[in-house]
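What follows is the residue order along each chain.
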Amino acid sequence: MGIVLDKDMDEARQGEAISMDSSKGGKKLYLESYGCAMNFSDSEVVASIMTNQGFSTTQDSEEADVVLINTCSIRENAEQRIRNRLTQFNKAKRQRPGMVIGILGCMAERLKKNLLEEEKLVDLVAGPDSYRDLPGLISEVEGGQKAVNVLLSRDETYADINPVRLDKNGVTGFVSITRGCDNMCSFCVVPFTRGRERSRDPHTIVQECAALFNAGYREVTLLGQNVDSYRWNMTSKGDIKDETKPTTNFAELLVMVAGVHPELRIRFSTSHPKDMTDDVLYAIANHKNICNYIHLPVQSGNSDILKKMNRGYTREWYMNRIDAIKRIIPDCGISTDIISGFCGETIEEHQDTLSIMREVEYDSAYMYKYSERPKTLAERKYEDNIPEDEKQRRLEEIIELQHGHSLKIHKAQIGQIQEVLVEKESRRSSEQLMGRTDKNHKVIFDRKDAKIGDYVMVKITDCNKASLRGEIV
Ligand code: 5AD
Ligand code: SF4
């Protein structure tokens, strides 16, 4: 979901190339990432595997021996963007024929041999569960063959791989807790590209979070397609679970991670409305360092559409979950994902989406036009019959409504003093810093003596729909 995995990464990080200080000597890797947070997290695993093989990294694709693109298939335009990029890399390859071009991630899985054979755009294709095999695949290509591994696994979690951290701020990091998805929402390609759901050993998760804290990190985001279905017991290996053994569920995992250090903030993404339990909400309410923020994708406000989407809940069920959040965590930020113009959506059904938005008043939302994906249940069963311009019109109504809600919620904070974790310099000026509140609102403020990674108290003085302004007090 939304991380599809949930929320897509900031637009600013799409196509980001990795670079590490240790980048010296050896063969050079250029690695670019697209899509959701899970993909960016996977790229950190890939970087770790490759540097262990003696690769160094470069930010200049033209000097690379190996170019890898970690790709996204969630909507058609995501794939188009990557094809354009592959065409550019192929131009560079004409100058340097020894260069290896590979695609990783969801498109690799979805298109398998097409990109190799029919379109001849790449030398190597590696799906999300085959990154350990990358050094071998690269050797095959260097030996003159094309190389493919798109096998999906039932138990690969990369639990033992220590990811190389690629986000330069050194304050916030992603930690994956599950891979794959078993939900089969009818619009979604993820179950096909990322395979069956599996949970990662909680002790390796806690260890990774503790290591991040010791390295100066102050916030972790636990990642999974559906974090609420996290489940581990002593015999967990993929989906083989012995229910007679004590298990760890998501609420318990949250409490374990909260115990790492009171100054380590914990976020997670994505929650699924059908599976989110009150236990998770109580874990948030009872632990100051588990942030009061939940990303709860609704997709549509109409129960018939939700049924066609195979989401496993009705509007009433969803609102019951929202009421539970508001009751158990009185001051909680809530965001969502919404799709406009799903197959057969009537104007009345679209109005239901607008009305549920009014009822909830989300802090923020990721909003998309429905994009039909090959092989999905919706593609096989329903007609993608809402014209593009009508999908766009509905989307614009949704966006406009959301902007009004975001602005209203931001305005209500003016005058308040909030604790902010400083993440980085603001994009506009090195004299200003950017951080987030517990509820995940972005705040921009003058630097004064604060440093990146500090917790500071900020008085909110102004806002727009995207962020808050304030001053350190
Ligand atoms: N078309 C449009 N949006 C989609 N999403 C997933 N699949 C599609 C699709 N085929 C959206 C959902 C999900 C988010 C990550 O992406 O809202 O929660
Ligand atoms: Fe999320 Fe549903 Fe896709 Fe799974 S199938 S990743 S729950 S949208």
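Analysis parameters
Residues numbered from 1 in each chain as written. Chains lettered and ligands numbered in written order. Predicted model: local features only at pLDDT ≥ 70, side-chain atom pairs only at ≥ 80, totals over all residues. Heavy atoms only, no water. Buried < 20%, exposed > 50% of the residue type's maximum accessible area, 1.4 Å probe, protein only. Helix = DSSP H or I, 4+ residues; strand = E, 2+ residues; numbered from the N terminus. Pairing = 2+ DSSP bridges. Right-handed = clockwise from strand over helix to strand, strands pointing away. Axes fitted to C-alpha atoms, helices over the stretch in contact; angles between N-to-C directions. Domains from an automatic or database assignment. Contact = heavy atoms within 4.5 Å. Buried area = accessible area lost by both parts, 1.4 Å probe.

Participant: What exactly am I supposed to notice about the pairing of strand β4 (residues 66–71) here?
Facilitator: Look at any regular strand and the pattern is simple: side chains alternate between the two faces of the sheet. Burial runs high along β4: 6 of the 6 residues are buried. Alternating positions in β4 separate into two faces, Val-66, Leu-68 and Asn-70 on one and Val-67, Ile-69 and Thr-71 on the other, with burial throughout. As paired strands, strand β2 (residues 28–33) and β4 are joined by 5 bridges and run parallel to one another. By the bridge assignment, Leu-31 is partnered in β4 with Leu-68. Between the parallel pair β4 and strand β5 (residues 100–105), the chain is carried across by helix α2 (residues 76–95), and the sense of this crossover is right-handed.

Participant: Would you take a moment to explain the sheet that holds strand β8 (residues 172–176) for this structure?
Facilitator: Adjacent strands of a sheet pair through backbone hydrogen bonds, lying either parallel or antiparallel. Pairing in this open sheet of 3 strands is parallel, and the strands run β8-β11-β14 from one edge to the other. Sheet topology places β8 and β14 (265–269) at the edges, where each strand pairs with a single neighbour. Along the sheet, successive strands turn relative to each other by an average axial angle of 25 degrees, direction set aside. Where strand β11 (residues 219–223) lies against β14, 5 bridges are found, and the strand directions are parallel. Bridged to Leu-223 within β14 is Ser-269.

Participant: Would you mind showing me how to read the domain arrangement of the protein here?
Facilitator: Here the protein is partitioned into domain 1 (11–149), domain 2 (172–412) and domain 3 (414–472). Each of domain 1 and domain 2 was reduced to a C-alpha centroid, and the two centroids are 28 Å apart. With 17 residues of domain 1 in contact, the opposing surface of domain 2 contributes 19 residues. Roughly 1,600 Å² of surface becomes buried between domain 1 and domain 2 when both sides are summed, with 53% attributable to carbon and sulfur atoms.

Participant: Would you mind going over unusual backbone geometry with me for this structure?
Facilitator: The phi torsion of most residues other than glycine is negative, and most of the peptide bonds are trans. Backbone torsion omega between Ser-269 and Thr-270 reads 10 degrees, so that peptide bond is classified as cis. Relative to the helices and strands, Thr-270 resides in the loop between β14 and α9 (278–286). In the Ramachandran plot, Glu-361 falls in the positive-phi region, its phi being about 55 degrees despite a non-glycine side chain. Note that Glu-361 resides in the loop between α12 (347–360) and β17 (364–369). The partly exposed category is assigned to Glu-361, whose relative accessible area is 27%. The backbone phi angle of Lys-375 is positive, close to 80 degrees, even though this residue is not glycine. With respect to the helices and strands, the residue Lys-375 is situated in the loop between β17 and α13 (377–381). Judged by relative accessible area, which is 48%, Lys-375 ranks as partly exposed.

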